[in-house]
Amino acid sequence: MDAIQQSDAARPVLEGPDIARVLTRIAHEIVERAKGADDVVLLGIPTRGVFLARRLADKLEQITGRPLPVGSLDITMYRDDLRMRPARALARTEIPGDGIDGRLVVLVDDVLFSGRTIRAALDALGDIGRPRAVQLAVLVDRGHRELPIRADYVGKNLPTSLRETVKVQLAEEDGRDTVLLGLRETASTAAAGEQ
């Protein structure tokens, strides 16, 4: 995720209560589309997608009255930009319960942008098993797709320019719930900040 300039240019577009409402709506949409949630497995894409998947699982349990399997799917080694990025620690893939074969897998991520992360997730999923179907839930869809990928469940469509960046902050990782829209930090703005 690109850095957001530390200025008044970054503005919140979703706050904690908004995020809670959005997740409640997505949970209801999942139950409606899946005609229940009997064979649904939620897999979050690290880091913030995992937290969102857990929150969605809680909402789905409130609706259906039973816990849903939730896990995480590390896509690091499946990224097409792996050799262009600095080395980073691998997250853990955790597949819950009876696995994903024959199940409806809902991938959960914070921001949908180019679609490359989701392509990597689909590749990783193919190495784990064969789900009946795969759907995608995202908190924010900011557009600018480079691949023919779309989300089935979207918290907020947020049209952006390529000069802008979207940063999701969640209490589990960042101490607060918010989605910020700001300007992409460039070399000149970073250098100005150092002076």
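Remember, predicted model here, so these are calculated numbers, not experimental data. (Residues numbered from 1 in each chain as written. Predicted model: local features only at pLDDT ≥ 70, side-chain atom pairs only at ≥ 80, totals over all residues. Heavy atoms only, no water.)

### Some words on the pattern of salt bridges
For the structure on display, the rule yields 13 salt bridges. The partner of Arg 48 in a salt bridge is Asp 174, with the nearest N and O atoms 2.8 Å apart. In this pair, Arg 48 sits in helix 2 (residues 48-64) while Asp 174 sits in helix 4 (residues 171-174), placing the two residues 126 residues apart along the sequence. Given a relative accessible area of 16%, Arg 48 falls into the buried group. Taking the relative accessible area as the measure of exposure, Asp 174 reaches 29% and is therefore partly exposed. The shortest N-O distance in the salt bridge between Glu 172 and Arg 55 comes to 2.7 Å. (Salt bridge = Lys/Arg side-chain N within 4 Å of Asp/Glu carboxyl O. Helix = DSSP H or I, 4+ residues; strand = E, 2+ residues; numbered from the N terminus. Buried < 20%, exposed > 50% of the residue type's maximum accessible area, 1.4 Å probe, protein only.)

### Examining the nonpolar core
In this structure, Leu 42, Leu 56, Leu 139 and Val 179 are the most contacted members of the largest nonpolar core, which totals 33 residues. Only strand 1 (11-15), helix 1 (16-33), strand 2 (40-44), helix 2, strand 4 (104-112), strand 5 (133-141), strand 7 (164-169) and strand 8 (178-183) provide two or more residues apiece to this core. In terms of residues, this core owes the most to one element, helix 1, which gives 7 residues. Residues within four places of Val 179 in sequence aside, it is in contact with Arg 11, Pro 12, Val 13, Leu 14, Ile 19, Leu 139, Val 140, Val 166, Lys 167 and Val 168. In this structure, Ile 45, Val 105, Leu 107 and Ala 151 belong to the second largest nonpolar core, which totals 19 residues. (Core = buried A, V, L, I, M, F, W, Y, C linked by side-chain atoms within 4.5 Å. Contact = heavy atoms within 4.5 Å.)

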